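Coordinates in review
This is what each chain is made of:
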Amino acid sequence: MLRATRRASGFRAAAGTSARRCASGFPEASTIWKDGELIPWKEANVHILSTAVQFGSSLFEGIRCYGTPSGPAIVHLDGHLRRLLDSCKMYRVDVPYSAEELAAACFDVVEANGLHDGCYIRPMVLRGYGAVGMDGKGSPVECYIPAWKWGAYLGADAFSTGIDCCTASWARPAPNTFPGMAKAAGNYNNAALIKMEAQANGYVEAVALGSDGMVSEGSGQNLFVVRDGEIATPPINGSNLQGLTRASALQLAAEAGVPVRIEPIPREALYVADELFFTGTATEVMPIASLDRIAIGNGRRGPITERIQQRYQDIIHGRSEDVYGWMSLRGGGV
């Protein structure tokens, strides 16, 4: 197994670290919320002929909860649930619960499983078993909310060292092929190809291009470019997801007085960037050390990335005041 050390060429071999993270298995909790009640984890089953399994008719969100001095706080809870309901609307799935009911269920799951020190929450809405056709007419709509203990997605050390990435050979789908703004399970087959290709070639992650050859996003992250003290990030153009952590990074850049441009970015601009970083709920704020074996800047986390990353971490962990209203506690407030 490869170790996460520097090769002679100066770039890390990431395949071994990824394999070790996956080797321990899924961190199961005890209960999952399903349609208004908590059920045992192992009983949260879906029929093999459900529309979700046959045709990928499932919408979901990934939400982080952190332990804070005031108790477990969920990041961007309202925004995530709004995006979930928006995704369902795009796919013509009628959700039988309000955002308020789903928010309460998220806290129920955290508390029932004793995940007060932080966890990952995965609300899911899917078409179940009942219909033969791909449109799912006649299939019941089922809602699940699991949660489990989960630490740093790409490893805690990567926050300072950065990660090695490649440019994917797989492009992100073109606008008007399916709704790129929706967080739908079927959409992630493309993301899985991007991620698997990167890891098969010894990288941690990949940057994907859109159908026009311009930079889109990572397998599940938005991308930011730093050059000459300014930040640029691609627009939301139908090939990438409108990330909530992306919005947070834009707020923090403005707070720091760093100019930001939202504009199309060509691939070659990434190689000559002073800094690159990903943002995402799972990934948080993650520096990119190299792309296609070309060192980005000094090949480590840069000062603007570090400033945004540290400020983000301080707010979500309750070390700094939540001046932007990102965090939700049970019963309201932060």
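What counts and what doesn't
- Residues numbered from 1 in each chain as written.
- Predicted model: local features only at pLDDT ≥ 70, side-chain atom pairs only at ≥ 80, totals over all residues.
- Heavy atoms only, no water.
- UniProt positions renumbered as here; feature names shortened; annotations may be inferred.
- Domains from an automatic or database assignment.
- Contact = heavy atoms within 4.5 Å.
- Buried area = accessible area lost by both parts, 1.4 Å probe.
- Helix = DSSP H or I, 4+ residues; strand = E, 2+ residues; numbered from the N terminus.
- Expected span 1.5 Å × (residues − 1).
- Buried < 20%, exposed > 50% of the residue type's maximum accessible area, 1.4 Å probe, protein only.
- Salt bridge = Lys/Arg side-chain N within 4 Å of Asp/Glu carboxyl O.
- Patch = residues over 30% accessible without salt bridge, like charges linked within 9 Å, V, L, I, M, F, W, Y side chains within 5 Å.
- Areas by Shrake-Rupley, 256 points an atom, 1.4 Å probe, with all protein chains shown as cover.
- Pairing = 2+ DSSP bridges.
- Axes fitted to C-alpha atoms, helices over the stretch in contact; angles between N-to-C directions.
- Phe/Tyr/Trp six-rings, centres within 6.5 Å; stacked < 30°, edge-to-face > 60°.

In the annotation of an unreviewed UniProt entry, the entry for the chain reads branched-chain-amino-acid transaminase, and the organism field reads Emiliania huxleyi. Taken from UniProt, the Cofactor (unreviewed entry) comment for the chain reads in full: "pyridoxal 5'-phosphate". Annotation of the chain in UniProt includes, under Function (unreviewed entry), the sentence "Acts on leucine, isoleucine and valine."

This part is about the domain arrangement of the chain. The domain architecture assigned to the chain consists of domain 1 (31–149) and domain 2 (157–317). For domain 1 and domain 2, the distance between their C-alpha centroids amounts to 26 Å. At the interface, 21 residues of domain 1 touch 21 residues of domain 2. Taken together, the two surfaces of domain 1 and domain 2 that pack against each other cover about 1,700 Å², and 62% of this comes from carbon and sulfur. Interface area lost by domain 1 to domain 2 is led by Phe-60, Tyr-66 and Arg-83, which between them contribute 33%. Taken together, the elements giving at least two residues each to the side of domain 1 that touches domain 2 come down to β3 (58–60), β4 (63–68) and α3 (77–90).

An ideal rise of 1.5 Å per residue puts 16 Å on twelve residues; helix α7 (residues 244–255) measures up with 17 Å between its terminal C-alpha atoms. All buried positions along α7 are accounted for by Leu-244, Thr-245, Arg-246, Ser-248, Ala-249, Leu-250, Leu-252 and Ala-253. Downstream of α7 by a residue or two, Gly-257 has a phi angle that is positive, lying close to 75 degrees.

For the rest of this paragraph, the subject is the pattern of salt bridges. The final tally for this structure, using the stated rule, is 13 salt bridges. In this structure, Arg-261 engages Glu-230 in a salt bridge whose closest nitrogen and oxygen atoms are separated by 2.6 Å. Taken together, the residues span a long stretch of sequence, with Arg-261 in strand β15 (residues 260–262) and Glu-230 in strand β14 (residues 230–233) at a distance of 31 residues. Overall, Arg-261 belongs to the partly exposed group, its relative accessible area being 35%. For Glu-255, the salt bridge goes to Arg-311, with nearest N and O atoms at 2.6 Å.

A grouping of Val-46, Ile-48, Leu-49, Val-53 and Tyr-129 is seen on the molecular surface, where their side chains present a nonpolar patch of about 470 Å² in accessible area. Mapped onto the secondary structure, Leu-49 falls in the loop between β2 (37–40) and α2 (51–55). For Leu-49, a relative accessible area of 42% corresponds to the partly exposed category.

In this section: the sheet that holds β2. Taking strand neighbours across the sheet as the criterion, the five strands line up as β2-β1-β8-β7-β3 in an open arrangement whose pairing is antiparallel. This sheet does not close on itself; its edge strands, each paired only once, are β2 and β3. The average undirected angle you get between the axes of adjacent strands in this sheet is 25 degrees. As defined by bridge partners, strand β1 (residues 31–34) adjoins strand β8 (residues 141–145) across two bridges and the pair is classed as antiparallel. Bridge pairing in β8 links Lys-34 to Tyr-144. With respect to the sheet, α3 is in contact with β3 and β7 (124–127), its orientation differing from that of β3 by roughly 160 degrees.

The next thing to look at is the packing of aromatic side chains. Tallied over the entire structure, the rule returns eight aromatic pairs. When the ring of Trp-33 is compared with that of Tyr-97, the centres are 5.2 Å apart and the planes differ by 70 degrees; the resulting orientation is edge-to-face. One end of the pair, Trp-33, is in strand β1; the other, Tyr-97, is in the loop between α3 and α4 (99–112), with 64 residues separating them in the sequence. The residues Trp-33 and Tyr-97 share a single accessibility class, namely buried.

Before going further, it helps to examine the environment of Pro-235. Tracing the backbone through its elements, the reader meets Pro-235 in the loop between β14 and α7. For the pair Pro-235 and Ile-265, spaced 30 residues apart in sequence, the C-alpha to C-alpha distance is 9.1 Å. Beyond its immediate sequence surroundings of up to four residues, Pro-235 is in contact with Asn-240, Arg-246, Ile-262, Glu-263 and Pro-264.

This part is about helix α6 (residues 188–200). With 13 residues, α6 should cover 18 Å at 1.5 Å per step; its first-to-last C-alpha distance of 18 Å lies within 8% of that length. As for α6, its buried residues are in contact with β10 (163–167) and β11 (205–209). One or two steps after α6, the chain reaches Gly-202, where phi turns positive at roughly 90 degrees.

The next thing to look at is the pairing of strand β12 (residues 215–218). Bridge count for β11 against β12 is three bridges, and the pairing is antiparallel. Bridge pairing in β12 places Ala-208 opposite Glu-217. Joining the antiparallel neighbours β11 and β12 is a turn of five residues, in which Gly-213 adopts a positive phi near 85 degrees.

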